[in-house]
Amino acid sequence: MAILPILEYPDPRLHTIAAPVATVDESVKTLIGDLADTMYAAPGIGLAATQCDVHQRVIVIDTSDTRDQLLVLVNPVIKRADGEQVFEEGCLSVPGIYEEVKRAEHVVIEALDREGRLFTLEASGLLAVCIQHEMDHLMGKVFVEYLSPLKRNRAVQRLRKRRRERAPA
């Protein structure tokens, strides 16, 4: 498998709406493996294909402490969302920025697994937050866009400063 480059906000490609996967074939399975390797190497707990400039509706998530419970969501759809929770979120596309975001506390989703089989999943807490966060990426939305304009501008300024500091002299 391969480690893919991760787009960083405010890259306009992060606003691309991902297309549904027609069939879970070998190319999609390779993408799933590459996304998982990239997420674990970053390290992160979720990654959407959009973040790696692949605009297909594919997400990988692993919120386990042991980092061995990969959840694959192909063409995920939220069927029900209820409750409310505020969670401090971060994002591999917005490195080093953590802010509180309000989301549904409980979700029920339908998706295809890595073999193309349809399944239903109920999630709450961190997993529900992660699913909603990654699904936003598939719709071209980044978590900092939930913030006030002032907080979002501060985040962009911090990202620009970090990039300047990382840039070779």
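The preceding data block contains the structure.
Residues numbered from 1 in each chain as written. Predicted model: local features only at pLDDT ≥ 70, side-chain atom pairs only at ≥ 80, totals over all residues. Heavy atoms only, no water.

Some details on the sheet that holds strand β6 (residues 106-112)
Whether parallel or antiparallel, the strands of a sheet pair through hydrogen bonds between backbone atoms. In spatial order, the strands read β1-β2-β3-β6-β7; together these five strands make up an open sheet with antiparallel pairing. The open sheet has two edge strands, β1 (46-48) and β7 (118-124), and neither has a second partner. On average, each strand axis in the sheet is tilted by 40 degrees relative to the strand beside it, whichever way the strands run. As paired elements, strand β3 (residues 71-82) and β6 share six bridges and run antiparallel to each other. Counterpart to Asp82 in the pairing with β6 is His106. Seen against the sheet, helix α1 (residues 26-41) touches β1, β2 (58-61) and β3 and runs at an angle of roughly 40 degrees to β2. Set on the sheet, helix α2 (residues 125-138) makes contact with β1, β2, β3, β6 and β7; between it and β7 the angle comes to about 120 degrees. (Pairing = 2+ DSSP bridges. Helix = DSSP H or I, 4+ residues; strand = E, 2+ residues; numbered from the N terminus. Axes fitted to C-alpha atoms, helices over the stretch in contact; angles between N-to-C directions. Contact = heavy atoms within 4.5 Å.)

Focus on the packing of aromatic side chains
Within this structure, the stated rule accounts for zero aromatic pairs. Over the ring of Tyr146 we find Lys141; its NZ or CZ atom is 3.9 Å from the centre of that ring. (Phe/Tyr/Trp six-rings, centres within 6.5 Å; stacked < 30°, edge-to-face > 60°. Lys NZ or Arg CZ within 6 Å of the ring centre and 35° of its normal.)

Observations regarding the pairing of β2
On any regular strand, side chains alternate: one points to one face of the sheet, the next to the other face. The two faces of β2 match: Val58 and Val60 on one face and Ile59 and Ile61 on the other face are all buried. Here β1 pairs with β2 via three bridges, running antiparallel. Note that in β2 the partner of Gly46 across the bridge is Ile61. Bridge count for β2 against β3 is four bridges, and the pairing is antiparallel. Paired with Val60 across the bridge in β3 is Val72. (Buried < 20%, exposed > 50% of the residue type's maximum accessible area, 1.4 Å probe, protein only.)

Re helix α3 (residues 149-166)
Side chains that are three or four residues apart share a direction in an α-helix, a result of its 3.6 residues per turn. For α3, built from 18 residues, the straight-helix expectation of 26 Å at 1.5 Å per residue is met to within 8% by its first-to-last C-alpha distance of 26 Å. Among all positions in α3, only Ala155, Val156 and Leu159 are buried. Buried positions in α3, seen along its axis, are confined to an arc of 100 degrees and lie on one side of it. Residues of α3 that are exposed and angled more than 90 degrees away from the buried face: Leu150, Arg154, Arg164 and Glu165. Each element contacted by the buried residues of α3 is listed here: β5 (94-103). (Expected span 1.5 Å × (residues − 1). Arc of directions from axis to C-beta.)

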